[in-house]
Amino acid sequence: MPQPDIRHTRFEAVRLRLEAFDPGAGWRLWVYEFLLFGFKQGWACLFGGLLLVLLLGTHLFYPDSAPLHRYDFLTFAAIAIQAGMLAFRLETWREARVILIFHVVGTVMELFKTQAGSWTYPEASVLHIGAVPLFSGFMYAAVGSYIARVWRIFDFRFSGYPPAWMTWLLAAAIYINFFTHHYTIDIRWGLFAATAVIFWRTRVHFRNWRAHRWMPLLVGFGLVALFIWFAENIATFANAWNYPGQEKEWQMVSLAKYGSWYLLMLISFVLVTLVQPVKEPDQPF
């Protein structure tokens, strides 16, 4: 028996009902599209949202006397979420493989950054590599999951997209700079400039309701990075990890980290192009 298409999910049924509804025109249409956009975005970030709820919930309610360390519980919970995403066909196996790559890429960076003192994990755990608990890699995986799912849910199309080799070269330079800036010159401002030059003409076309709308891709990058920065503030409040200065009393994450997430999110975006083809607006499904 053939396997059902990934679109044949409960979400797809809800989406079809929503798209069959006609709100009319004028302000009703704008309100409807705004609410539909929020619904789809929330559905796309399901992995990250559940992980964030777990971080905050375990910070507030996880018992100190539990036989399992909180970080280890989070690792098992994240594995369960990932298994559920695949079992309920909310992600494809191809997407999961790319998300796994970003998981590994993030964990390698975590090992280096914790050794360099960029941040610390204050709680004990059994499931860890060096000073890095294994649940941390799933936070990077959540970003990859969001980008892969939002790409599919909104049927992304692109105009003015740069050559693929250029995006891969930029992603490689960003990743290398996360390591080398500890020893040599930090070129992040040059990377920001390169990102602006490479994607200046690029528009992302997304189908929120019945027709594709568009925005500059650079604006999309900035909005996603902003929400990741908001999530990071919640995660550090939940004592998932500490930046220098947060050890004794929580304080907001520096805006400089917004720039870091902007660049790191771009790496995830480029990785997702391995499984989500870059289509032009007039290309068929």
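Bear in mind that the values here come from a model prediction, so they are computed numbers and not experimental data.

Criteria and thresholds
Residues numbered from 1 in each chain as written. Predicted model: local features only at pLDDT ≥ 70, side-chain atom pairs only at ≥ 80, totals over all residues. Heavy atoms only, no water. Core = buried A, V, L, I, M, F, W, Y, C linked by side-chain atoms within 4.5 Å. Buried < 20%, exposed > 50% of the residue type's maximum accessible area, 1.4 Å probe, protein only. Contact = heavy atoms within 4.5 Å. Pairing = 2+ DSSP bridges. Helix = DSSP H or I, 4+ residues; strand = E, 2+ residues; numbered from the N terminus. Axes fitted to C-alpha atoms, helices over the stretch in contact; angles between N-to-C directions.

(A) Quick look at the nonpolar core. Membership of the largest hydrophobic core comes to 70 residues, with the highest contact counts inside it found for Phe199, Phe221 and Ile267. Beyond its immediate stretch of four places on either side in the chain, Phe221 contacts Phe199, Tyr262, Met265, Leu266 and Phe269.

(B) Representation of the sheet that holds strand β4 (residues 203–207). Taken in spatial order, the three strands of this open sheet run β3-β4-β5, and their pairing is antiparallel. Only two strands of the sheet have a single partner each, and these edge strands are β3 (157–159) and β5 (212–216). If you compare each strand with its neighbour and ignore which way they point, the axes differ by 30° on average. When β3 meets β4, the two strands line up antiparallel, connected through three bridges. The partner of Phe158 across the bridge, within β4, is Val204. Along the sheet, helix α9 (residues 217–237) makes contact with β3, β4 and β5, crossing β5 at roughly 80°.

(C) Examining unusual backbone geometry more closely. The phi torsion at Arg89 lies on the positive side, around 60°, for a residue other than glycine. Topologically, Arg89 is positioned in the loop between α4 (70–87) and α5 (93–116). One non-glycine residue, Asn239, adopts positive backbone phi at about 60°. Residue placement: Asn239 occurs in the loop between α9 and α10 (256–272).

(D) Region of interest: the environment of Phe178. With respect to the helices and strands, the residue Phe178 is situated in helix α7 (residues 164–180). Accessibility expressed as a relative area gives 7% for Phe178, which makes it buried. In this structure, the C-alpha to C-alpha distance between Phe178 and Leu226, residues 48 residues apart in sequence, is 19 Å. Apart from residues no more than four positions distant in its own chain, Phe178 is found in contact with Met109, Phe112, Lys113, Ser260, Leu263, Leu264 and Ile267.

Taken by themselves, the reported measurements are silent on function.
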